[in-house]
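Summary of the model geometry
So the chains spell out like this:
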Amino acid sequence: MNDNMLGNLNIGGKMILAGQILLAVCCGFYIPWWFMVFRPGQPHNWMAGRAGILLLLTFLAGLAGLVLTLWGDSGVGADRALFSGNKVMALGIAICFLMMIFTSTVFHRPVTTELLLITGWAVLELVTVNKLYGTEIFERPLAIVLCALIAAAFIVNMVLYIAYYRLDAWNAYRLAAVPLAVDGVYMAALAAVIVRLA
């Protein structure tokens, strides 16, 4: 990947691209770590041997990807918008609290950090698509399709979040990786689209 391939991206756009790639890589490390550590019927040793290395790589890739995406979102500069980024963040916080109450009272699902991660990821990706639309890298139809995909991923993730404690150990173990795979594939595809259009 050289500068000529990304000639239509400013530094903020390049940070978004790098951030999305790193977040997809984070998912790619997290999935084998999950399968290694949380296999039913064995002790859950998060840091032993290869699991510790995978967890460290997951953390580093995720942190770097988040920082670069946020930095890129704040630095791209946008002449137009599909929606207000501040309103999306406020809506995301409201949805997170509402889902916390809904899932715990209706489904008696223990509240865990996954709920915050699911909601936070959707907000981050919506803001990112909005920013890329604002720079005219994305046209409105593509931006709307991407927002719809984010919404669909959020719904899938929430269904699996609710179902997790209602499944037997083996099905819960297998299905817990699906949200990571969905989000990782989406971010890898988004990065490919950015490269294609830049």
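A closer look at the overall build of the protein chain
From N to C terminus, the protein chain includes 7 helices and 0 strands. Mapped in sequence order, the helices and strands of the protein chain form the string α-α-α-α-α-α-α. At 18 Å, the protein chain has a C-alpha radius of gyration in line with the 16 Å of a compact globule built from 198 residues. Reported as C-alpha extents along the three principal axes, the dimensions of the protein chain are approximately 50 × 40 × 20 Å.

Here we look at unusual backbone geometry
Non-glycine residue H108 carries a positive phi angle of around 55°. Within the fold, H108 resides in the loop between α3 (85-106) and α4 (113-134). The backbone of E136 sits at a positive phi, close to 70°, despite the residue not being glycine. Within the secondary structure, E136 sits in the loop between α4 and α5 (140-163).

Points about the environment of I31
Looking at the secondary structure, you find I31 in helix α1 (residues 11-37). Remark: the alpha-carbon pair of I31 and L180, spanning 149 residues in sequence, is separated by 6.9 Å. Every residue in contact with I31, bar those within four places of it in the chain, is listed here: A177, L180 and A181.

A short note on the side chain of Q20
Its location among the elements puts Q20 in helix α1. Residue class for Q20 comes out buried when judged on its relative accessible area of 0%. With near-sequence residues (within four places) excluded, Q20 lies in contact with T69, E125, M187 and L190.

Digging into α3
Over its 22 residues, α3 extends 31 Å from the first C-alpha to the last, a length consistent with the 32 Å expected when each residue adds 1.5 Å. Among the residues making up α3, those that are buried are V88, G92, C96, M99 and T103. The buried residues of α3 occupy an angular sector of 90° when the element is viewed end-on, so they sit on one face. In α3, those exposed residues whose orientation departs by more than 90 degrees from the buried face are N86, K87, L91, I93, L98 and I101. Looking at the buried residues of α3, the elements they touch are α4 and α5. Residue H108 follows α3 closely and has a positive phi angle near 55°.

A few points about the pattern of salt bridges
Inspection of the entire model under this criterion finds 1 salt bridge. With its nearest N and O atoms 3.7 Å apart, the salt bridge here joins E139 to R80. Linking E139 in the loop between α4 and α5 with R80 in the loop between α2 (49-75) and α3, this pair joins segments that are 59 residues apart in sequence. You can call E139 partly exposed: its relative accessible area is 45%.

A look at the packing of aromatic side chains
This model, assessed by the stated rule, comprises 9 aromatic pairs. Judged by centre distance (5.7 Å) and plane angle (75°), the ring pair of W33 and F38 falls under edge-to-face. A single burial state applies to W33 and to F38, both of which are buried. An aromatic cluster is built from Y30, W33, W34, F38, Y164 and Y165, whose rings are joined through pairwise contacts. One cation-aromatic arrangement involves R80 over Y133; the distance from NZ or CZ to the ring centre is 3.9 Å. A cation over a ring is seen here: R109 above Y161, with NZ or CZ 3.6 Å from the ring centre.

Rules behind the numbers
- Residues numbered from 1 in each chain as written.
- Predicted model: local features only at pLDDT ≥ 70, side-chain atom pairs only at ≥ 80, totals over all residues.
- Heavy atoms only, no water.
- Helix = DSSP H or I, 4+ residues; strand = E, 2+ residues; numbered from the N terminus.
- Rg over C-alpha atoms; globule rule 2.2 N^0.38 Å.
- Contact = heavy atoms within 4.5 Å.
- Buried < 20%, exposed > 50% of the residue type's maximum accessible area, 1.4 Å probe, protein only.
- Expected span 1.5 Å × (residues − 1).
- Arc of directions from axis to C-beta.
- Salt bridge = Lys/Arg side-chain N within 4 Å of Asp/Glu carboxyl O.
- Phe/Tyr/Trp six-rings, centres within 6.5 Å; stacked < 30°, edge-to-face > 60°.
- Lys NZ or Arg CZ within 6 Å of the ring centre and 35° of its normal.

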